[in-house]
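Working through the structure, step by step
The chain contents come next:
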Amino acid sequence: MIMENTPATRYVGIDYLRAFFSICVVVWHENGFTQPDIKNYGEFSGHTFSVSDFMNYHVLLAAVPSFFLIASFLYIAKNRTTAYLKQRVYNLCLLALFWMVLLTIYAYNYNGLYALAPKSVGDALVIFLTAGSTPYYFFISLCFVTILTHFANKLSTRANIILFLISTCIFALSPLIAIKTKSWSLTVFWNPMNFLSYPFAAIVIYRLHNQLLKLRKQYQWGIFISLIVIAALTAIAEWTYYLDPIFLCGQKIALPVYTRTSVLISSVAFLLTPLLIGFPSNPIISFMSKYSLALYCLHAFSFRIFYNPAHFPALSKSIWIVITLSIGLSYILAIALRVFIRDKYILTINNNSS
């Protein structure tokens, strides 16, 4: 057992973020909101920004980056050792492998596993980074984020601020470089480099958190509003300059999924909100936070049960009913599976404490 040298402190507000964003992941994967025409080649040149665009690309798609930011924040909230880091990376890889194999067999039978056999070194790398083209690429990218967080935390706050600014500039330029060079893999959703800035952001937020709490409320609101304004301005620039058919390769969306500064800044604003505002504890939110990992892992299974026109023709006509039933079944399965599967495969990756 790895001993920690700091007393536990619970960030109740982070439970609210986990609960909310775990639902966002499900809604995104199950197409809860009308998908805009930027998914179709040649139809996005005259695209008009809509409410569904905002919900899909600036709320739902902020879920995964926000989880990375939260994970980094909670990681550095304790004095993590190198031994802990090794064990954590091992556990994350085990999570990716376990759920990838399970989902592949469930969706495609054992033939799906044979189809994963790589034909080249490059193919093997893609299979690894995408966790076999499953949603569990999240755990592979989280390995990268965790390792970077561990070593960046050894640097000064000033160094992390500088690295955050440099990585954000790289972040903003990457889609333009991808367009110019036709290098779609540079910004594809499963590329771990999409999350380069998040460890530095988490470290700066954690170290300056106490100073931010001492500021007057109007200054705290000023910081939050400034972040929202920056996110909005960068979003306008992204919708102006980033729409390109090159991004349809590998992800079927003509806009970078995560390689967008607006999503990065929004994620920072999302994390700061519960840290600055004292949210009360709530048993329902605590439950949803505790099982946020389980919902992420299990919703792909439960969705396939309900979204089946052959078995449930009426349900298939109402996606929100399917989403609600999928979420409910995922929670029930998570509770039941704890009897048979170790908690590290079901419960949330980080305890919400420092």
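Every chain's residues receive numbers from 1 upward, in the order its sequence appears when written. Totals for whole chains, interfaces and linings use all residues, but because this is a predicted model, local features are given only for residues with pLDDT of at least 70 and pairs of side-chain atoms are given and counted only at 80 or more. Heavy atoms from the whole structure form the basis of all side-chain values; hydrogens and water molecules are not counted.

Examining empty space enclosed by the protein
Taking a probe equal in size to a water molecule and rolling it over the atoms shows the remaining empty space. Think of a 1 Å grid over the protein atoms and nothing else: a 1.4 Å probe that fits but is trapped marks a cavity, an open set flanked by protein within 12 Å on at least five of seven lines marks a pocket, and residues with an atom within 4 Å of a point count as lining. Grid points are joined across faces, edges and corners, and a volume is the space filled by probe spheres set on the points. The final tally for this structure, using the stated rule, is three cavities of 30 Å³ or more. The space that makes up the second largest cavity amounts to roughly 40 Å³. Taken together, V25, W28, H29, L60, L61, A63, V64 and Y258 form the lining of the second largest cavity. Labels follow the DSSP assignment, with helices taken as runs of H or I lasting at least four residues and strands as runs of E lasting at least two, numbered in each case from the N terminus. For the lining of the second largest cavity, the elements supplying multiple residues, two or more each, are α1 (12-29) and α3 (63-76). At three residues, the largest contribution of residues to the lining of the second largest cavity is made by α1.

A closer look at the confidence of the model for the chain
Scored between 0 and 100, pLDDT is the confidence that the predictor attaches to each residue. Here the chain averages 86 in pLDDT, while 88% of its residues score no lower than 70. Within the chain, no element has a lower average pLDDT than helix α5 (residues 111-115), which sits at 83, and none a higher one than helix α7 (residues 137-152), at 96. Confidence drops under pLDDT 50 across residues 1-8; counting only partners more than four residues distant or on other chains, this segment forms 14 contacts. Contact criterion: two residues are considered in contact whenever any of their non-hydrogen atoms come within 4.5 Å of each other.

With respect to the environment of A131
Position of A131 relative to the elements: it lies in the loop between α6 (121-130) and α7. When the C-alpha positions of A131 and S141 are compared, they lie 9.9 Å apart, and in sequence the two are ten residues distant. Once residues within four sequence positions are removed from consideration, A131 is found in contact with M100, Y136 and Y137.

Re the side chain of S174
In this fold, S174 is placed in helix α8 (residues 157-181). Residues in contact with S174, not counting those within four places in the same chain, are L186, T187 and T259.

Here's the deal with a nonpolar patch on the surface
Exposure above 30% relative accessible area and no salt bridge define the residues that can form patches, which grow by joining like charges within 9 Å and nonpolar side chains of Val, Leu, Ile, Met, Phe, Trp and Tyr within 5 Å. Per-residue accessibility takes into account occlusion by the displayed protein chains alone, with areas from the Shrake-Rupley method and a 1.4 Å probe. Whenever Lys or Arg places a side-chain nitrogen within 4 Å of a carboxyl oxygen from Asp or Glu, that contact is recorded as a salt bridge. A grouping of W221, I225, V229, L233, I236 and I277 is seen on the molecular surface, where their side chains present a nonpolar patch of about 580 Å² in accessible area. Residue position: I236 is located in helix α10 (residues 217-241).

Some words on the packing of aromatic side chains
Pairing of aromatic rings covers Phe, Tyr and Trp, the last counted by its six-membered ring, and requires centre-to-centre distances within 6.5 Å; plane angles under 30 degrees mean stacked, over 60 mean edge-to-face, and any other angle means tilted. Counted according to the given criterion, the structure contains 27 aromatic pairs. Measuring from ring centre to ring centre gives 5.1 Å for F49 and W239, while their planes differ by 80 degrees; the resulting arrangement is edge-to-face. Of this pair, F49 sits in the loop between α1 and α2 (51-59) while W239 sits in helix α10, and the two are 190 residues apart along the sequence. By definition here, charges over rings are those cases where NZ of Lys or CZ of Arg is within 6 Å of the ring centre and within 35 degrees of the ring normal. A cation sits over an aromatic face here: R80 above Y75, 5.7 Å from the ring centre. Here R80 stacks its cationic end above the ring of Y84, 4.2 Å away from the centre of that ring.

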